[in-house]
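Results of the structural survey
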Amino acid sequence: MPHEDSETMMPVCVDGGLTPVLNALDEKLEPDTQITNYELAPLNDKSLTKVPQELEAQSVAEEASTDSAFEAPEEDVDDSDSDWSSSTPQGLFPEQVEVPAYTLLNQIGEGAFSKVFRAVPAAGSSRAFLCKNYRQLAVKVISKKQLNSHKNNDKSKATTKEQVLKEVAIHRTVSAGENVVSFVDFFESEHYFFIVQELLSGGEIFGEIVRLTYFSEDLSRHVIRQLALAVRHMHSLGVAHRDIKPENLLFDPIEFIPSPRRVFRKSDDPKTKEDEGVFRPGVGGGVIGTVKLADFGLSKQIYATNTKTPCGTVGYTAPEVVKDERYSTQVDMWGIGCVLYTMLCGFPPFYDEKIDVLTEKISRGEYTFLRPWWDEISDGAKYAVRRLLEVDPGKRYDIEEFLADPWLNNCDSLRTQEAAAAAAQADAGVDSKLKKHKNYSMENVHTSNKKKKHVHRAFKRDSSLLYSPAAVAMRDAFEVNNAVQRKEQVTRHTSTGVKLALLEENEEASLENDMFQLSINSSTILNRRKKREVPIAVEAAVGE
Ligand SMILES: Nc1ncnc2c1ncn2[C@@H]1O[C@H](COP(=O)(O)OP(=O)(O)OP(=O)(O)O)[C@@H](O)[C@H]1O
């Protein structure tokens, strides 16, 4: 039942909102315990099947003495030198001491306050049962010290913990979506928060765009459709992701099958353009199979699904407010448009070295289908991009409209001969189709099921590509773009006089941060990047 408090007009989250979940999480916090294990009641079918109730039974602190019916994962075969397949830790990580339930194998990603590790449930631990469903996992480790050093007053400290809990609550809420990275586990230790998720071993779609410079229409459609399905799931639950970008799209790799006949666009340099490989309808193209949406750090519940009432606004349910709230999810449609544009041509729709100019271009929706890069891209694809990059959120495609778009529903076309040949090759046996790709170190990864000896691939990408000036510029463009979109949403609320009760404190803080980032108008992206702490490799690349 919705909780209404029309007298006080206090922002109380309605039934189905996240506040009850957060409160429940908060009550579980025991400040004096070294490791806090949150009891997370499953919120969806997927987490029910993948995170059984045993998860709640034991404290992670009890690991050493736990005598569980642990079925040790079978050893991998011939994978000792592989980053993505080895079950041997590739170092002793300081974080490991505080997470005995999982064995951290190697670091695979990094965020502003976090590191992400490939991991396995520790033998004999209370999480060992997870081996049945997950051969490997991704453990996001958020450093409390780094979080807190970002802010310097007590109120903000509380806010940052709240932000982490909110990310967890939202991730759990949306985790059942087919194309959403599954949530597995969450707990806190003295120095860290740990968010455990399913592992997508291909890494980020971002890396593939950089490597291939652009995707064919077939491959773009394959990726964007899966992103759209993830977004539909989130929107159906009243949640907006608000940070859609190629870095937050992860994929499971498939075997690479080289194109028997390369087709180049006139803007390509045949000497340097990487082969995308054969596209197989229903499977994927290049090395990209299943695609899933990750990172719910900026996600927000917009409305409760049962009432469609704006979340956090009680006693204020005028139709225009509800309409406006629903428009909030339209931020994601803009994000989908930017990702689609970028995949099709290899560069983002909005870019300028000066942030104030870039901000202006984004606000006005000023982009073009630049020649010669867009010359050979179909009108159907351009139409879809146009409908997504519509400045007025009311006119912009919503998720259902996009999923019905003719171009998106064009059957995965072309190259049927190649697809048939690929299928024949696949039938001929696994080993014969393993092809060496020059930009990858390819490793065979054997699953724990020795009977099937199913082989899939893990890839090590040439990381220098990820810090090339073009790659850094693309990252920056998405970062600024998403911040502008979030800001526009709030500005629209304010200017239409709509009550901003939905802006919780932590969101105001992040908004301020966005505003700060965008208010340094005279900065160029280059200067701004230098002001932040960035990896040395980025600086080096920029300095070239
Ligand atoms: N489930 C996963 N499987 C594989 N890799 C992952 C997974 N989750 C995260 N990563 C890798 O770690 C990176 C950082 O993760 P994530 O985006 O969740 O961290 P973050 O702290 O929210 O980052 P940011 O500061 O950019 O928002 C991802 O971009 C990805 O490369």
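Residues numbered from 1 in each chain as written. Predicted model: local features only at pLDDT ≥ 70, side-chain atom pairs only at ≥ 80, totals over all residues. Heavy atoms only, no water.

Let's talk about the overall build of the protein
Secondary structure summary: the protein contains 19 helices and 15 strands in total. Across the 544 residues of the protein, 53% fall into the buried class. In the structure as shown, the protein presents an accessible area of about 24100 Å², 52% of it carried by carbon and sulfur atoms. (Helix = DSSP H or I, 4+ residues; strand = E, 2+ residues; numbered from the N terminus. Buried < 20%, exposed > 50% of the residue type's maximum accessible area, 1.4 Å probe, protein only. Areas by Shrake-Rupley, 256 points an atom, 1.4 Å probe, with all protein chains shown as cover.)

Regarding the site of the ligand
A112, S114, K140, E198 and E204 are the nearest of the 19 residues found near the ligand. Between an oxygen atom of the ligand and a side-chain N or O atom of S114, the distance comes to 2.6 Å. Bound to the protein, the ligand loses 85% of the 620 Å² it would expose on its own. The set of elements that each furnish at least two residues to the shell around the ligand consists of β2 (102-110), β3 (114-121), β4 (137-143) and β6 (192-198). Ranked by the residues each element gives to the shell around the ligand, the list is headed by β2, at three residues. (Near = heavy atom within 4 Å. Polar contact = N/O pair within 3.5 Å; in protein donor to acceptor, adjacent residues only side chain to side chain.)

So, the packing of helix α9 (residues 330-345) against helix α11 (residues 379-388)
In the contact formed by α9 and α11, the axes pass within 8 Å of each other and the chain directions differ by 150°. Judged by the twist between their axes, the crossing of α9 over α11 is left-handed. Residues M333, W334, I336, G337, L340, Y341 and L344 of α9 form the contact with α11, whose participating residues are A381, A384, V385 and L388. Of the residues that constitute the contact of α9 with α11, the class distribution is 10 nonpolar, one polar and no charged. (Axes fitted to C-alpha atoms, helices over the stretch in contact; angles between N-to-C directions. Left-handed = near helix turned anticlockwise from the far one by under 90°. Contact = heavy atoms within 4.5 Å. Nonpolar A, V, L, I, M, F, W, Y, C, P; charged D, E, K, R; others polar.)

Examining the domain arrangement of the protein
Once the domains are mapped, the protein shows domain 1 (96-149 + 157-198) and domain 2 (203-415). For domain 1 versus domain 2, the distance between C-alpha centres works out to 27 Å. The interface of domain 1 with domain 2 comprises 14 residues on the first partner and 19 residues on the second. With both sides pooled, the region where domain 1 packs onto domain 2 buries about 1300 Å², and carbon together with sulfur makes up 64% of that total. Considering only the side of domain 1, the residues that lose the most area to domain 2 are I170, V174 and N179, jointly responsible for 43% of the buried surface there. At the boundary of domain 1 and domain 2, one finds two salt bridges. Notably, a salt bridge pairs K292 with E198, separated by 3.0 Å at the nearest N-O pair. Here domain 1 and domain 2 share seven residue pairs in polar contact (both at pLDDT 80 or more) between them. Broken down by element, the residue count for the side of domain 1 that touches domain 2 peaks at six residues, all from helix α5 (residues 154-174). (Domains from an automatic or database assignment. Buried area = accessible area lost by both parts, 1.4 Å probe. Salt bridge = Lys/Arg side-chain N within 4 Å of Asp/Glu carboxyl O.)

Details of the packing of helix α7 (residues 217-236) against α9
As a packed pair, α7 and α9 sit with axes 10 Å apart at the nearest point and diverge in direction by 165°. In terms of axis orientation, α7 runs roughly antiparallel to α9. In the crossing of α7 with α9, the sense of the turn from one axis to the other is right-handed. Residue-level inspection shows E217, S220, V223, I224, L227, A228, V231 and H235 of α7 in contact with α9, the latter providing D332, M333, I336, V339, L340, M343 and L344. Of the residues that constitute the contact of α7 with α9, the class distribution is 11 nonpolar, two polar and two charged. (Parallel < 35°, antiparallel > 145°, perpendicular 65-115°, else oblique.)

With respect to unusual backbone geometry
Here the residue pair R371 and P372 is connected by a cis peptide bond, since its omega of -5° sits within 30 degrees of zero. Relative to the helices and strands, P372 is located in the loop between α10 (355-364) and α11. Although it is not a glycine, T213 adopts a positive phi angle of roughly 70°. A positive phi angle is found at D295, which is not glycine, with a value near 65°. Position of D295 relative to the elements: it lies in the loop between β12 (288-293) and β13 (300-301).

As for the nonpolar core
Generally speaking, a soluble globular protein has its nonpolar side chains buried in company with each other. Within the largest apolar cluster, 61 residues are counted, with the highest numbers of intra-cluster contacts made by I224, I336 and F402. Residue contributions to this core peak at 10 residues, all from α9. Here this core gathers at least three residues from each of two domains, domain 1 (96-149 + 157-198) and domain 2 (203-415). Excluding its chain neighbours within four sequence positions, the residues that come into contact with I336 are I224, L227, A228, V231, I244, L388, I399 and F402. Membership of the second largest hydrophobic core comes to 18 residues, among which are V99, A101, A119 and V184. (Core = buried A, V, L, I, M, F, W, Y, C linked by side-chain atoms within 4.5 Å.)

Some points on helix α6 (residues 205-212)
Burial of α6 is extensive: eight of the eight residues sit out of reach of the surface. Here α6 has its buried residues at I205, F206, G207, E208, I209, V210, R211 and L212. Directly beyond the C-terminal end of α6, a positive phi value near 70° is found at T213.

A word on the UniProt feature "binding site: ATP" (unreviewed entry) in the protein
According to UniProt, the positions carrying the feature "binding site: ATP" (unreviewed entry) are K140. With respect to the helices and strands, K140 occurs in strand β4. Looking at K140, the relative accessible area reads 12%, which means it is buried. Only 3.0 Å separates the side chain of K140 from the side chain of E167, close enough to count as a polar contact. (UniProt positions renumbered as here; feature names shortened; annotations may be inferred.)

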